[in-house]
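Each chain, written out:
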Amino acid sequence: MVNCPKTPPHNINTLVESLLYLKLKTNKCDMTDSSIFIRYNMECLIPPNCSSLTENNGVIEEFNTFTTVFFVQFALVRLIKELLIPLITPVLLTVICCHLWEVYNDCQRDSKSNLPLPPGGYGFPVFGETLGFLIQGKAFFDKRREKFGTLYKTHLLGKPTIRVIGVQNVKRILAGENDLVTAQWPTSTKLLLGDGSLTGSGGNIHNLRKKALFKAFSNTALEEYTKVVQSITKDCIEHWCTKRNILAHQESKSLTFEIACRVLLGIKMNKVEKTELLGHFDTFLSNLFSLPMQIPGLGLYKGLKARTVLLNKIGECIQKKEKHGSCDAFQDALSLLMDMSGTGRLSVTEIKDVGLELLFAGHETTASATVTIILQLTKNKDVVSKIEEELKSFGLSQSNYGDLNLEILNKMKYLSNVVKEAIRITPPIGGGYRKVLKTFEIDGYQIPEGWTVAYSIRDTHELGNELVLNPDKFEPDRWDSLQRRDNEHFLAFGGGRRGCAGKQFALLILKIFALEIVRSCQWTISNINPRMKILPVPHPADDLPATFTRKD
Ligand code: HEM
């Protein structure tokens, strides 16, 4: 028999301790013999007036169950202490923080308004739903549209944001510039485009800068640009046919970058210079929507470095023009802007920022649209045939036909419809951001002062309406019947005071591109339903491998 401790154990812990102590320290007790083990414990536990252990088999059995329960409990307590608490605590803390984050953001509503905030959520503290947006792209917005409808709250790029979809509501925001809303791009976009840009300005300053741009996109200027755009496009398509196998998206970017550099800034480059500059531009563009933190290695930091290189290049162009004038037979947009600065309207810093903005606004957007044109013409052979017919009717089917001009291009209605339908079905710019100047109401919800409102072109076009039926179908002919009610369903160029400054120039580039590929080459695409990425502009994830050959 083992000596009992002087005082019998009173509770679970002491009992377990004594059992373990026994197990580990005394060799007198054979642990495989449970009866000795139980007997020892019973002797320690049973009250002194209890007769003999052997006479209390029922008690022993009861105690047997009792110790089993103890051990199970003991194991459970250890499991909870050592495994679950370290795991559960962070999850619990995250849930609490997210809840507080929701409450904090909801408190930013306009308390003077009785209207509720739209449905939706703000994601994780500080980051909001930005990471989901950057990682999932279009699927992020699709899921929310499905869940919350055409008006919802979110937290993007450091700001509580309300996303608005639908022609009428979007038009209300576009028309409300300077009254209900003002331009508000994410901090990263603002820093990268600069204070001197149109995007970064509001009120009178914005009006002045925009007026200065009118001259760069007047009909006279566009007529001059037509020849240059056509010549660059023809050379480029010729090069595609010689090369045969191309990555259509990469090549389109190279084409529109060359057009933008040449026509907008008057920069002529060799292949090496172009590749180098395009590399900087890609870095600049891919970081336009990044977290607002200037930390080495992060997007914004890289984007700002690329911006410096690009601004230096534009600065060189300005200096050259100041010394030697324009080296081209035509006046590029930068020269026209510099003319305006002669009258004291734009400073050199503004011209540089606007120059960079034009390069940004005019090159990726049109590259995205040219890829859509290639893709849609591949899928819709009947559309190609109709363009060919129209070219024939204008006597333009031969690829060696001389210079195009603005008048002919404007007369080609079917070609215009094709271009328009391409940017309806895949709008190069998905939408815009604004800051709310005073609280207003949409569909019974408040859009609070100080918040960001993001209007969506892409979702609105995708949804269609009673006039735009079958919105996922590529139907250039739909514009014949809708022509006069254009702005009721076509938002690709935005609208109001902040509508696209380069709209006519963009249409010019795209019409010339569609015309030249249809009349001079044939092509095939290996994957006609590529996965699409939406940032910075929509483009196929595989860059659209294609094979081009000359028609003749
Ligand atoms: C298919 C091609 C293009 C599309 C779909 C497009 C679309 C847009 C949209 C939707 C906006 C308004 C953004 C907002 O509401 O905040 C905009 C603004 C602007 N676009 Fe375009 N754009 C295209 C091509 C161009 C080109 C070629 C240029 C010039 C070279 C250009 C220059 C601008 C400028 C300067 C603004 C700012 C206007 C302002 O803030 O007042 N865009 N564009």
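Residues numbered from 1 in each chain as written. Predicted model: local features only at pLDDT ≥ 70, side-chain atom pairs only at ≥ 80, totals over all residues. Heavy atoms only, no water.

1. Topic: the sheet that holds strand β2 (residues 159–164)
Read from one edge of the open sheet, five strands run β1-β2-β8-β5-β3, paired in mixed fashion. Single-partner strands in this sheet number two, and they are β1 (151–156) and β3 (181–183). Within this sheet the neighbouring strands show an average axis-to-axis angle of 35 degrees, counted without direction. As paired elements, β2 and strand β8 (residues 452–456) share four bridges and run parallel to each other. Counterpart to valine 164 in the pairing with β8 is tyrosine 455. Running over the sheet, helix α5 (residues 138–148) touches β1 and β2 and is turned about 140 degrees from β1. Docked against the sheet, helix α6 (residues 167–175) engages β2, β3, β5 (431–436) and β8, running at close to 125 degrees with respect to β8. (Pairing = 2+ DSSP bridges. Helix = DSSP H or I, 4+ residues; strand = E, 2+ residues; numbered from the N terminus. Axes fitted to C-alpha atoms, helices over the stretch in contact; angles between N-to-C directions. Contact = heavy atoms within 4.5 Å.)

2. Side note on the packing of aromatic side chains
Applying the stated criterion across every chain, the model contains 16 aromatic pairs. On the numbers, 6.0 Å between centres and 65 degrees between planes, the contact of tryptophan 240 with phenylalanine 513 is edge-to-face. Here the residue tryptophan 240 occupies a position in helix α9 (residues 219–243), and phenylalanine 513 occupies one in helix α20 (residues 503–520), the gap between them amounting to 273 residues. Accessibility expressed as a relative area gives 0% for tryptophan 240, which makes it buried. A centroid spacing of 5.1 Å and a plane angle of 70 degrees characterise the contact between tryptophan 240 and phenylalanine 548, whose relative ring orientation is edge-to-face. Within this pair, whereas tryptophan 240 is found in helix α9, its partner phenylalanine 548 is found in strand β12 (residues 545–550), the two being separated by 308 residues in sequence. By the ring-pair criterion, three or more aromatic residues cluster together here, those being Trp240, Phe513, Trp523 and Phe548. If you follow arginine 144 out to its NZ or CZ, it ends over the ring of phenylalanine 140, 3.8 Å from the centre. If you follow lysine 420 out to its NZ or CZ, it ends over the ring of phenylalanine 490, 5.3 Å from the centre. (Phe/Tyr/Trp six-rings, centres within 6.5 Å; stacked < 30°, edge-to-face > 60°. Buried < 20%, exposed > 50% of the residue type's maximum accessible area, 1.4 Å probe, protein only. Lys NZ or Arg CZ within 6 Å of the ring centre and 35° of its normal.)

3. With respect to the environment of glutamate 466
Within the fold, glutamate 466 resides in the loop between α18 (457–463) and α19 (478–482). A relative accessible area of 67% means that glutamate 466 is categorised as exposed. Separated by 218 residues in the primary sequence, glutamate 466 and alanine 248 have C-alpha atoms spaced 35 Å apart.

4. Re the sheet that holds strand β9 (residues 521–525)
Spatially, the three strands line up as an open sheet ordered β4-β12-β9, and their pairing is antiparallel. Edge strands, defined here as strands with exactly one partner in the open sheet, are β4 (245–247) and β9. Neighbour to neighbour, the strand axes of the sheet diverge by 35 degrees on average, direction disregarded. Strands in contact with α9 are β4, β9 and β12; relative to β12, the strand with the most contacts, it is inclined by about 100 degrees. Those strands touched by α20 are β9 and β12, and its axis lies near 95 degrees from that of β9.

5. Points about helix α15 (residues 381–393)
An ideal rise of 1.5 Å per residue puts 18 Å on 13 residues; α15 measures up with 19 Å between its terminal C-alpha atoms. Within α15, the full set of buried residues consists of Val383, Val384, Ile387, Glu390 and Leu391. Taken end-on, α15 shows its buried residues confined to a sector of 120 degrees, consistent with a single buried face. Away from its buried face by more than 90 degrees, α15 exposes Asp382, Glu389, Lys392 and Ser393. Contacts made by the buried residues of α15 are with α14 (348–379), α17 (413–425) and α20. (Expected span 1.5 Å × (residues − 1). Arc of directions from axis to C-beta.)

6. Observations regarding the pairing of β5
With five of six residues buried, β5 is to be regarded as a mostly interior element. Direction of pairing for β3 relative to β5: antiparallel, over a ladder of three bridges. Across the sheet, alanine 183 pairs through a bridge with arginine 434, a residue of β5. Pairing of β5 with β8, which is carried by five bridges, proceeds in the antiparallel orientation. In the sheet register, glycine 431 faces β8, and the bridge partner there is serine 456.

7. Examining the coordination of the iron atom of the ligand
On the protein, Cys500 (SG) is the one donor atom to the iron atom of the ligand, at 2.4 Å. Locating cysteine 500 in the fold gives a position in the loop between α19 and α20. (Donors = N, O, S within 2.8 Å, 3.2 Å for Na, K, Ca; no water.)

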